[in-house]
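What follows is each chain in one-letter form.
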Amino acid sequence: MYSEWASLQTAIQTDTSNTSVLDNFPATVGKDVAITVVRHLAQTLSIGASKDEPSTLHTDKEVNWTMEVICYGLTLPFSEFDTIRECVNVYCEWMSALMVPKACVPSSVVDDPNTYGQKMFQHLYNLYVPRLGEGLDSIKRQTLLCHRVLRHLQKVASDSTNLSRETWEVILRFLLAINDTLLAPPAQRDDVGDQLCERVLSVLFEIWLQACSKCFPPPSLWKTFRDMCLNWRHRETLVIQWQRVNAALTSRLLRDIYGPMHPELQVSEDDANMISSMGTPDCTTQTWFRFLHLLSNPVDLASVQIISNTPKFLHMALTSEAVIDPSQHDSLKILPQIFFRAMKGISMLADAFLGIAQPLSKEETNLLVASGNVRHTSPVPVGASTPPNQRKNRGFSVAATAGQKGAVQKNMAQRSHSTSSVTSAVPLLLSLDARLPLAQTRPQCNSILHLLGAWLFEAALVGVKLQVAPTGSGPPSRRTSIIDSEGKGHTVPHDDSTHQRERTDGNEAGRAEACGALCRVFCAHKTGESILPVYLSRFYTALYYGLAVDESLSGQVLANIVFNSSDLLRLDLDGVHVLVPQILKAVELVLVDLNTPFRSHDQIPPVELRKASIHLLLSMLCMPLHFKALQIKGILTSQETPDSSRTFLSFKRRLAELLLRALTIETDAANTQMLLGALMLMVQDFSMCEQAEALEVQQNQDLLMMPEVTSADALLSTDPQKPNQTGSSSSEGGETDVPVSAPGPTKITAQATECDTSHGLFGHAASLVCNRLMASWKTELSVALTAIEVLSGLAKVKLTTPNLLMCKRTVKWICDFIVYQCSRPPPSHSRDLHSMIVAAFNCLTVWLIEHHYLLLDKECLHYVLEVVELGISGSKSQNRASDTPKLKNDKEMMPASARVQNAAEAVLDTMIGLVGAYPPPCGPESSCSLLDEEALLKYCKNGQLIDQGTPFRYYVLENSIIVGLLEQPLGTSEDQLPTVTALIRGPFGRHAWTMQLRHLARQHKNDANAHMMDPGRPIPMNDVGVHHNVKPRYFPEVVDTVPLCEADKSIPTLESIVKDQKHAQEHEKLLGFITTQIDFEKNVAENAAQTRQMTAFPDPETECKPPSMSTSFQTARLFLSHYSFLSLEALKETMNAAYAPSLVTLDSTQMGFFSSLGSLDDISTRTCDTAFIFYVKSGQRQAQEILSNVTSKSSVQPHYLEFLRSLGWPVDVKQHAGWTGHVSTSWKLNVSSGLQQMTSPPATGTGASIYDGQKQVLYWADVCAEVAFVVPSPQTQFFKRSISLDGARVQQEVAKIAEEEAKMEDKTTQQAAVAPPKPPRMSENAGKPKSLSLDAPNPPKQDMVPGDGSSFGARKFGRSTSYMFGPDCKVLVVWLESYEDHENFPLNEMIHLTSTGLENPATPKAAEKEAYVIFIHALKSGLFRIHLQGPVGRISMAGPLVDGMVVSRRTLGTLVRQTTVNIGKRKRLDSDLYQPPHIKRLLKIREIVNKYRAKMTEADFYTRLFQDLNS
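Residues numbered from 1 in each chain as written. Predicted model: local features only at pLDDT ≥ 70, side-chain atom pairs only at ≥ 80, totals over all residues. Heavy atoms only, no water.

### With respect to the overall build of the protein chain
Okay, so step 1: Within the protein chain one finds 49 helices and 19 strands.
Okay, so step 2: Here the protein chain holds 1511 residues, and 52% of them are scored as buried.
Okay, so step 3: Relative to all contacts within the protein chain whose residues are 6 or more apart in sequence, the contacts with residues 24 or more apart total 76%. (Helix = DSSP H or I, 4+ residues; strand = E, 2+ residues; numbered from the N terminus. Buried < 20%, exposed > 50% of the residue type's maximum accessible area, 1.4 Å probe, protein only. Contact = heavy atoms within 4.5 Å.)

### Focus: the pattern of salt bridges
Okay, so step 1: Applying the stated criterion across every chain yields a total of 40 salt bridges.
Okay, so step 2: Here Asp 567 and Arg 1425 are joined by a salt bridge, their closest N and O atoms 3.7 Å apart. Taken as a pair, Asp 567 in the loop between helix H22 (555-564) and helix H23 (580-591) and Arg 1425 in strand E18 (residues 1424-1429) lie far apart in primary sequence, 858 residues in all. Neither Asp 567 nor Arg 1425 differs from the other in exposure class; each is buried.
Okay, so step 3: Between Glu 1487 and Lys 1484 there is a salt bridge, with its nearest N and O atoms 3.3 Å apart. Here Glu 1487 and its partner Lys 1484 are both found in helix H48 (residues 1477-1492), 3 residues apart, which amounts to about one turn of the helix. (Salt bridge = Lys/Arg side-chain N within 4 Å of Asp/Glu carboxyl O.)

### What about helix H13 (residues 281-292)?
Okay, so step 1: End to end, H13 covers 16 Å across 12 residues, agreeing with the expected 16 Å (1.5 Å per residue, within 8%).
Okay, so step 2: Buried residues of H13: Cys 283, Thr 284, Thr 287, Trp 288, Arg 290, Phe 291 and Leu 292, and no others.
Okay, so step 3: Looking at the buried side of H13, the elements it contacts are helix H9 (192-214), helix H10 (219-229), helix H11 (236-258), helix H16 (335-354) and helix H19 (445-459). (Expected span 1.5 Å × (residues − 1).)

### Points about the sheet that holds strand E7 (residues 979-986)
Okay, so step 1: Pairing within the open sheet is antiparallel, and its 5 strands lie in the order E8-E7-E6-E5-E9. One side of each edge strand has no neighbouring strand; the edge strands of this open sheet are strand E8 (989-996) and strand E9 (1143-1145). On average, adjacent strands in this sheet sit at an angle of 25 degrees to one another, irrespective of strand direction.
Okay, so step 2: Of the strand pairs in this sheet, strand E5 (residues 952-957) and E9 are connected by 3 bridges, and their pairing is antiparallel. Counterpart to Tyr 955 in the pairing with E9 is Thr 1145.
Okay, so step 3: With respect to the sheet, helix H49 (residues 1498-1506) is in contact with E5 and E9, its orientation differing from that of E5 by roughly 145 degrees. (Pairing = 2+ DSSP bridges. Axes fitted to C-alpha atoms, helices over the stretch in contact; angles between N-to-C directions.)

### Observations regarding the nonpolar core
Okay, so step 1: Ranked by internal contacts, the top residues of the largest apolar core, which has 349 residues, are Tyr 128, Phe 225, Trp 232 and Leu 794.
Okay, so step 2: Setting aside anything within four residues of it in sequence, one finds Tyr 128 in contact with Gln 142, Cys 146, Val 149, Leu 150, Phe 174, Ile 178, Thr 181, Leu 182, Leu 196 and Val 200.
Okay, so step 3: If you look at the next biggest cluster of nonpolar residues, it comprises 21 residues, including Leu 936, Phe 952, Leu 1146 and Phe 1153. (Core = buried A, V, L, I, M, F, W, Y, C linked by side-chain atoms within 4.5 Å.)

### Description of the side chain of Arg 985
Okay, so step 1: Mapped onto the fold, Arg 985 is located in strand E7.
Okay, so step 2: Here Glu 933 takes part through its side chain, which lies 2.9 Å from a polar atom of the side chain of Arg 985. (Polar contact = N/O pair within 3.5 Å; in protein donor to acceptor, adjacent residues only side chain to side chain.)

### Observations regarding the environment of Gly 1208
Okay, so step 1: Structurally, Gly 1208 can be placed in the loop between helix H42 (1198-1207) and strand E11 (1209-1212).
Okay, so step 2: Here Gly 1208 falls in the buried class, since its relative accessible area comes to 7%.
Okay, so step 3: In this structure, the C-alpha to C-alpha distance between Gly 1208 and Ala 1268, residues 60 residues apart in sequence, is 8.1 Å.
Okay, so step 4: Not counting the four nearest positions on each side in its chain, Gly 1208 is found in contact with Leu 1258, Tyr 1259 and Trp 1260.

### Description of a nonpolar patch on the surface
Okay, so step 1: Among the surface-exposed residues, Leu 1070, Leu 1071, Phe 1073, Ile 1074 and Ile 1078 lie close enough to one another that they form a single nonpolar patch of about 470 Å² accessible area.
Okay, so step 2: The residue Leu 1070 is located in helix H37 (residues 1061-1094) in this model. (Patch = residues over 30% accessible without salt bridge, like charges linked within 9 Å, V, L, I, M, F, W, Y side chains within 5 Å. Areas by Shrake-Rupley, 256 points an atom, 1.4 Å probe, with all protein chains shown as cover.)

### Topic: helix H40 (residues 1153-1161)
Okay, so step 1: By the criterion of burial, H40 is predominantly enclosed, with 9 of the 9 residues buried.
Okay, so step 2: Phe 1153, Phe 1154, Ser 1155, Ser 1156, Leu 1157, Gly 1158, Ser 1159, Leu 1160 and Asp 1161 are the residues of H40 that are buried.

### Focus: the packing of aromatic side chains
Okay, so step 1: Taken as a whole and assessed by the stated rule, the structure comprises 36 aromatic pairs.
Okay, so step 2: Summarising the aromatic geometry, the rings of Tyr 1123 and Phe 1125 are spaced 6.1 Å apart at their centres and angled 10 degrees between planes, so their arrangement reads as stacked.
Okay, so step 3: Classification of Phe 1125 by relative accessible area gives partly exposed; the value is 26%.
Okay, so step 4: By way of ring pairs, the aromatic residues Phe 205, Trp 208, Phe 216, Trp 222, Phe 225 and Phe 291 are connected into one cluster.
Okay, so step 5: Against the face of Phe 81 rests Arg 141, its NZ or CZ located 5.1 Å from the ring centre.
Okay, so step 6: In this structure, Arg 290 is placed above the aromatic ring of Trp 222, and the distance from its NZ or CZ to the ring centre is 5.9 Å. (Phe/Tyr/Trp six-rings, centres within 6.5 Å; stacked < 30°, edge-to-face > 60°. Lys NZ or Arg CZ within 6 Å of the ring centre and 35° of its normal.)

Have a look at this one:
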């Protein structure tokens, strides 16, 4: 910089302007003259006189002579302290001529202040010259006078307005001279240099800064300043002042270059005042750059030989008998600490440009010094490699402005503001989570490395014994590289015989600081930013040696690298994967044991160091199965070295074992949750990779079996010239790669161990999580919930070979966990405890659904039923197998809590109704029947709705189940059997059953009459012999021969009775009637005989036949009777008036009945969650730009579309029966004919805008939850706006209709009691009765979704909003092309596009505060970086995704979906107002019962039961 300029160092050191003419006289003469003259002058000064007297010196000659005397007086020994003090007083008074002259100042000095002022400064140099042999008291007196002169000098420099350039140069040369005189010699305890060191340096730097703003020093002075500083570098104060000035100038420079958007580097008020007068930005830049290079190469501070190679040290060695080598002086023992402080200053500058810097506060500086003094093994404090932004103290901080202000305040609020005393010597601890965000306006890494890289790279290798790299493979060298200066003595020599496994050289702290700064700079790499290969190679070399775990292990360096490089492997740095072996070894060293085998940084707690190691582990988990057989070249090894190349696949087992080991011993809650997420990722990755390989093998085998495919065609699947991407590779045990001898992939490893396969890792993971959950995590809510989430995720992992025994054990462990938590004493029961139990029950449900075969095991079934009994009743029937079972009626219901009881009931219902039966025939979109009254009536034989009322009879069983019975056959069968269709609505869903009263087996003919048909009679024979027509006699013939007696004649004859004519006529008439009747009967008999002769045999009129089968049944009565629901006890009122009898009839004629049923149907049996997915191109910040990305396929990355399809399957919103992302279009039971056909075919070529919720969404569901993934598009804005406008219009109509209904309610009730029900009102849109279509008579109170000019007719509105509201939880998934854009994502704007209809209007802004964002950034390697953002609450972020995790392409969709579901689960667990779906449905059923119950006596009930519903 100053190569063309000459240094004034020699001129200043040999300057004689400070000598006096009295030096030519004997000392006694000069002394007497000085005492006499100065004493007289002091009497005329204002400070000594009662009034300000004018000076008696008038001419220049007089003044010059007097100044010669004063100059000599300043050289007197301090035994003449009074004289020296008077000399100082005179010059201090005369300096006022440069500002406002006093009366005591001679007129000549007033007339020419600059000339005389220059002479005074030159003479005052004598005051600072150390006196040999002076005692401590004299040194203190000298220090006192020196301080006074410096104060006056500061005042002149700041207040004077008439200083000439020559005067400024003299002042600066004076300050350089006194500093060189005092500081260049080796430091001696309590000498004048030690006393004045800090003061003279601070004045020099302060006045030099003032000169830069008022009269910029010439290059020769700058060069002199730098050259002299090289002689003072053994003084720690020099580096402290240099660091202080650099911080102040950098603060000003950043404001000038980057403006107010860049985080401000806050400095103390005194430091800010130093540069307050700084002129133009160009002046600031020039001054900053020159001060930055003031110490030349700060890395020289690590070399005792260089620092001691000065004239003063050589002179001391020649003149001192105790010191032979200058480098052995005691004052140089502090060099490691000075080196650390220099690196600290450089590190602070790098952090300032990154926007994360925070200079050391005074308290922290003192604390570090005290800490260094306490540790006798090293004079250096184990210095902070840290970003100072992570420090929990009240010192300097980075103040953010504009966009970053909120983030900075949030991070600062989390810091501890407590201070420690200096004497405590406890280092201030660092926190990885307290890191400030990098500045958005930060420069590129190349710019920072151009400025500071040479020093940092060299410092990172200080004291390292470098290996000899192969030709051409080493990193390029630079001028200040330690590689070039290895032979120049720039390193501290050490004795190899004293080497232990860990290095303990004094420069370790400074080296660690440099390595930490380099890591922070490279971790600030932006997406798409390029870094020069020379910097990358030197950085990788520094980390290669810093992460060494052999005999050159440096604990502080390794700890600082690990702590500051947590993001290193999740950046797109070229060639960074060459460090994977070294990083893995370092991470293993940290994680395998809680007590690290090396001495770490005192300010980095072991927990934070482990956390940083876990972050690195999270970045490496997916590499083995992603890169597979890709080789990792060694950094400094030749190709001939056996271990020079390794494959990523060789680290597969090591990573799995390390993860399991770390999770086994980890005690910190946050670290444990990260490891649990990592475990879930690894198991999922193993499983999906094996499934993909098995599928590929099967496809290749099928291809080979095809006759038209030749072997040559089959061999095209593998290329012998390329490494086998799925083949085996060398492992740590020395296994060699297995060559591919057949087409298609082979197994991953030749000799698989337990952790090498998904089957083995699954077993280890399940066993470890369950054991740790029971042993250590059962009292920690967040960890327990994460562990339970991992167990739920493991239940869904698909294994090629199921681990049946481990699945059974896992279910047993979950049951044991529930039993233990429920059995804890009452004081331990809290909401958190019950939340863990509820989560465990939910996990148990998932395991039973995914592994339904477990219930076939008697022992496993017993475990599950026992724990369900415990959850419902609060106790077991048998605590031990030998105990007598306690019956249900004998037990007292005392569950742990209502939440626990509800969760246990849900498990029981799942076991009975869904295990082995999910998904149902209607698919996973619904766990219930999709049929309602309207759909069932369409299948009736008549196909028409009846004219009067509804054909359904509605009953309520046990106050919890609504049964609608339809007696009309559906026409699906030709059987004339009693048929009843039951539509059952209960807490766990809606189910439709069709039942027939069947008396015959199905193998018989369907017609029941066939069973009663006559088998046939024998055919009559015509040839039956002679037919004798004999008239039978009623009495024997002998009767006619018996004579009559008197008794026989007692009844007179008719003729004897008839006496007169009248009776005779009547007699004749009667005889005529008889004769006529006889003839008629004879004629009829003859006709009948003829008819019988003509009638075939047998006669159908006389034949005996079975009665005909009944075809008209009251099947509802039969159903209730056969199921024993009809009894007098069931109809009796209960003692509790709040509960209805066991059997209740509902009055379906009341207004609003079917609307209430619709509201019940709208309550889903599963939880519903929604994730909104956005795509952000690089640099986008506006919502409209972001939404427009998905309109075209060419605007998004291909992996983005693949990711979307991995989240769920697409469904048509208008046809979908499940959750669609908005309550107004969800849970449709049937679709009107007008909507069954889409108005237009789906758009093609879009970037997923088709899934914006208007036509399609991505959907996924299991037995417990359903999730809709919505991709908002530009049309979503108008879509949501129309929803809000339509909702406002509807709310205005609600009041009018409600008022009309209130007037009609009484009249309608009276008419319904005395007259048959009238047909319900017809819907204008659908053209069908509203009572049967379940459309509410009221307009909906929720937002309706318009579509093509009309609302969805199939949507059943009128639901009760009280059952719709849930905990406000927004989940956003954001795909980033540039990772840095996550800081500018317009969350507040996007949150308005995420309406689901479930938001509570009472808390409209809660959604913004409770939004969870999952950022996904695709790396160039094909992996994906995850960043999570969300509110920090009592229950932390859900898993399995972890902030900073790097996931593979195959697992991305699965993990994002699981995290979305788990976020919703945790939010519901944390909500005080949340109710499970079956509880919401149960409450709604009871509400319907209380509102629509038909109260009647037993007689009325049975009378109505026998009445025909249509009569």
